[in-house]
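Single-letter residue listing:
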Amino acid sequence: MSARLTVPKTYKLAIGGKFPRSESGRTYEVRSAKGEFLANAALASRKDARDAVRASRSAVSGWAGATAYNRGQVLYRVAELLEGRRAQFVDEIVAQEGVSSAVAAAQVDAATDLWVWYAGWCDKYAQVAGGLNPVAGAYFNISAPEPTGVVAIIAPQDSALLGLTATIAPALVAGNTVVVVASERYPLSAISLAEVLATSDVPGGVVNVLTGSPAEIAPHLADHADVNALDLAGAEHLDWVDLQMRAAETLKRVLVPGEPVASPERIAAFTEVKTVWHPKSML
Amino acid sequence: MGFLDYAPAPESRGILHLKDAYGLFIDGDFVDGTGGSFTTISPADESRIAEVASASEADVDAAVAAARRAHTKVWAKMSGRDRGKYLFRIARLVQERARELAVAESLDNGKPIKESRDVDVPLVAAWFFYYAGWADKLDHAGLGEAPRSLGVAGQVIPWNFPLLMLAWKIAPALAGGNTVVLKPAETTPLSALIFAEILQQADLPPGVVNIVTGAGGTGAALVRHPDVDKVAFTGSTAVGRDIARAVAGTGKSLTLELGGKAANIVFDDAPIDQAVEGIVNGIFFNQGHVCCAGSRLLVQESVHDEVVDRLKTRLSTLRLGDPLDKNTDIGAINSAAQLERIRTLSDAGEAEGAQRWTADCAIPDSGFWFAPTVFTGVEASHRIAREEVFGPVLAVLTFRTPAEAIAKANNTPYGLSAGIWSDKGSRILAVADKLRAGVVWANTFNRFDPASPFGGYKESGYGREGGRHGLAAYLKPSRKEITR
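Residues numbered from 1 in each chain as written. Chains lettered and ligands numbered in written order. Predicted model: local features only at pLDDT ≥ 70, side-chain atom pairs only at ≥ 80, totals over all residues.

A.B. asks: I keep staring at the overall build of chain B and nothing clicks. Help me out?
C.D. replies: Regarding its fold elements, chain B presents 15 helices and 20 strands. Against the globule reference of 23 Å for 484 residues, chain B gives a C-alpha radius of gyration of 22 Å, in line with a compact fold. Across its three principal directions, the C-alpha atoms of chain B cover 65 × 65 × 35 Å. Here chain B holds 484 residues, and the buried ones make up 60% of them. Once local pairs closer than 6 in sequence are excluded, the contacts in chain B between residues at least 24 apart make up 73%. (Helix = DSSP H or I, 4+ residues; strand = E, 2+ residues; numbered from the N terminus. Rg over C-alpha atoms; globule rule 2.2 N^0.38 Å. Buried ≥ 20, exposed ≤ 12 C-beta atoms within 10 Å, placed from the backbone. Contact = placed C-beta atoms within 7 Å.)

A.B. asks: In this structure, what is going on with the sheet that holds strand β4 (residues 37-41) of chain B? I would like to understand it.
C.D. replies: Backbone-to-backbone hydrogen bonds pair the strands of a sheet. The strands run either parallel or antiparallel. Residues and elements named next belong to chain B. What the 3 strands build is an open sheet, ordered β1-β5-β4; its pairing is mixed. Because the sheet does not close on itself, it has two edges, and the strands there are β1 (21-22) and β4. The pairing of β4 with strand β5 (residues 48-53) spans 5 bridges and is antiparallel. The partner of F38 across the bridge, within β5, is V52. (Pairing = 2+ DSSP bridges.)

A.B. asks: Please explain the packing of helix α2 (residues 80-96) of chain B against helix α4 (residues 113-134) of chain B as it appears in this structure.
C.D. replies: For any two helices packed against each other, the geometry comes down to the angle between their axes and how far apart the axes lie. All names here are of chain B. Between α2 and α4, whose axes approach to 8 Å, the crossing angle comes to 165 degrees. The pairing of α2 with α4 is recorded here as roughly antiparallel in orientation. Remark: the crossing between α2 and α4 carries left-handed chirality. Together, G84, L87, F88, I90, A91, V94 and Q95 of α2 and V121, V124, A125, F128, F129, Y131, A132 and G133 of α4 make up the contact between the two elements. (Axes fitted to C-alpha atoms, helices over the stretch in contact; angles between N-to-C directions. Parallel < 35°, antiparallel > 145°, perpendicular 65-115°, else oblique. Left-handed = near helix turned anticlockwise from the far one by under 90°.)

A.B. asks: Would you mind going over the environment of S213(A) with me for this structure?
C.D. replies: Residue position: S213(A) is located in the loop between β7 (207-210) and α8 (214-223). For the pair S213(A) and R185(A), spaced 28 residues apart in sequence, the C-alpha separation works out to 9.3 Å.

A.B. asks: For this particular structure, what's the right way to read the packing of helix α3 (residues 98-109) of chain B against α4(B)?
C.D. replies: All names here are of chain B. Closest axis-to-axis distance for the α3/α4 pair is 9 Å, and the angle between their directions is 125 degrees. If you check the angle between α3 and α4, you find them oblique. The two elements α3 and α4 cross, and the hand of that crossing is right-handed. Only I113, S116, R117, D120 and V121 of α4 make contact with α3, whose side of the interface consists of A98, L101, A102, V103, E105 and S106. Split into classes, the residues belonging to the contact of α3 with α4 amount to 6 nonpolar, 2 polar and 3 charged. (Nonpolar A, V, L, I, M, F, W, Y, C, P; charged D, E, K, R; others polar.)

A.B. asks: Would you take a moment to explain the nonpolar core for this structure?
C.D. replies: General note: in soluble globular proteins, nonpolar side chains tend to be found buried as a group. Of all hydrophobic cores here, the largest spans 259 residues; its most connected members are I153(A), V180(A), L87(B) and F128(B). In terms of residues, this core owes the most to one element, α4(B), which gives 12 residues. Setting aside residues up to four positions removed in sequence, I153(A) forms contacts with T167(A), I168(A), A171(A), V178(A), V180(A), V181(A), D231(A) and A233(A). (Core = buried A, V, L, I, M, F, W, Y, C linked by C-beta atoms within 7 Å.)

A.B. asks: Sorry, what's going on with helix α3 (residues 86-97) of chain A here?
C.D. replies: Each turn of an α-helix holds 3.6 residues, which means side chains three or four residues apart point in the same direction. All names here are of chain A. End to end, α3 covers 16 Å across 12 residues, agreeing with the expected 16 Å (1.5 Å per residue, within 8%). Turning to α3, its buried residues are F89, V90, E92, I93, A95, Q96 and E97. Tucked inside the fold, the buried residues of α3 contact β2 (37-42), α2 (68-84), α4 (101-121) and α7 (188-198). A positive backbone phi angle near 75 degrees is found at G98, which sits one or two residues after α3. (Expected span 1.5 Å × (residues − 1).)

A.B. asks: What is the right way to look at the interface of chain A and chain B in this model?
C.D. replies: Bring the parts together and some accessible area is lost; that lost area is often taken as the interface size. On the chain B side, the residues contacting the 31 residues of chain A number 37 residues. Listed by contribution, the elements that provide at least two residues to the side of chain A that touches chain B are α4, β4 (139-147), α9 (240-248) and β10 (271-279) of chain A. Ranked by residues supplied to the side of chain A that touches chain B, first place goes to β10(A) with 8 residues. Looking at the side of chain A that touches chain B residue by residue, the class counts come to 17 nonpolar, 8 polar and 6 charged. Sheet topology note: the β10(A)/strand β18 (residues 439-442) of chain B ladder contains 3 bridges and is parallel. The residue of β18(B) that forms the bridge with V276(A) is V440(B).

A.B. asks: Would you mind showing me how to read the sheet that holds β4(A) here?
C.D. replies: Strand order in this open sheet of 10 strands is β3(A)-β4(A)-β10(A)-β18(B)-β17(B)-β12(B)-β13(B)-β16(B)-β15(B)-β14(B), and the pairing throughout is mixed. Single-partner strands in this sheet number two, and they are β3 (131-132) of chain A together with β14 (355-358) of chain B. In this structure, β4(A) lies alongside β10(A), joined through 9 bridges in antiparallel fashion. Bridging from a neighbouring strand, S143(A) pairs with T275(A) of β10(A). Those strands touched by helix α10 (residues 304-315) of chain B are β12 (263-266), β13 (296-300), β14, β15 (373-376) and β16 (393-399) of chain B, and its axis lies near 165 degrees from that of β15(B).

Dropping the structure here:
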């Protein structure tokens, strides 16, 4: 009896809740650590990046406007579905990174747990980061964090799933939407994660995934006037100082390259504190 | 003299003990600069006040070196309790010398004495008092146990609230254990130099605060200095962009408080009398030299005529003139350059088709003045609706529905502040949620408090000043990874 012939997946982009090919028609070969062919991933273009920003912008009001409890449940749902697809993610990481199953499984588990951790932050962060301000006058005065808007992320390049999760999840907590450029070498898990997100009640356009060359796409995202913040976590091998300087033109909030540590500071980086005053002098 | 005319009631300048020339305040002493000097004048009559040193790159270098030494050897090692005590001392000294500081501020800046006396200087004291109490409570600031100071802060401040902006910058920096090199604006160095004398009276250790006067070049040298760890800037968005570029890749922390084009939204159910007072306060406070000024009035169509008529009546009662006169409502424009910018944009408003109305008031013969001006029939595309005038010029636009008001309010690259006037609490909260601005004043405007975070969204900058958030801008969190 001959071995069953497998059905390989076509890995495309994830933009606005759909999975389109690059409008440029370009792809690039993804190979395993041993050099075997794995897939032709989409090589996203500047136009794809702009489409992703547009999709991301139109998703802001819905996602930011959802209740924090609702966002928390959606992010928890991501963890549930990731757990259910554990074997698939382990296989993909083994194939891409060339690590053992145990190491790959540890990465998937860590990513799943991180979604759970950030899910719980959704309806707590505002209380921790905001509060009533005791001003010297008859005023009700309250500060609360709000999402910055559209966050463009250069995902960590050296891991297929964990770095991606560690950058996307905190940006989603407060209600931002995301355009993420996946790891160039390990892009397959990013597209599989987009499939998980699409079936986890994450609204279309909230997370848009681009695969391809960060060096090519990042400058366009750094320049784009409708991007509010730039996470350069995975940009250490790019000319990231140039990206930060480009971002200055529209005064984007920028996180410089570095290992994304799970912390409320990551949530804070993509929030704006709003303070509201109202008199309370009428009896 | 009619019943609306008041006899002159100028505040005496006798309380000032100004020197003829001021040096730079470096390492606890006034020293001669090596970059020449400039004259600071009163914008109300263009008279000379004093000669002020202009700091060269070498002077900035000396100031940063003094701040570094003070940070390493004294200030970062000092107990929070003692740092706090110095800040309390400063707050008290500001209160003791409040009248002198107010007169100096109005003289140098041109703002009415009633504002410098009742708003600026009391807030300066409050700011130091507030942050003094934080200095020994950093463990409780929400940044983990024993958050660390950033080091040397290079701070550049504007001319619209010279002493208040100094307090916003210096108080949280010192409370957090940082040392400071501060550059006041070129046209308003005076109150910062008197403040340096206060620091001497407080016996603040040398080098903890250094003040380098000068123009843009001095500020550029300061924010680009390699030994500065933290840059804080309040000023124009254009300069803020340059600073953000200069700081890119250096590892310096950066907070920017930049321009604004705030919408002040008046709904048809608003208490109109209070709203009119709020509109006046929103755009004519401090001659409109306010980054969070309510420079775009969005008024619901059904009450437009009533609001505009009452506004014009109210504006006709404002007194423009001598900043040191206690009855003055509108003082002098801070500089000839700023007056020119206000004129250019106002002329553009007329040229683009908006209807100009200017309060009928006598303009003094010398000095820089601009009468309160209202443009009606303004469209969103007009320059006066898009660009920051930073002067006593109000652009009036209309709307029909709350959704339209929100869309128009947010139709700007800025996002510093906004105002809402309505009698319906639920509407106020819903609209406040939708406005992309860092400070929202509902049924009030232009309120400031050291406990209240202030700062912008979008191109109005990033970071907050005031409150616990303002303190965090000068600290490195010690929080560890918490997962698993």
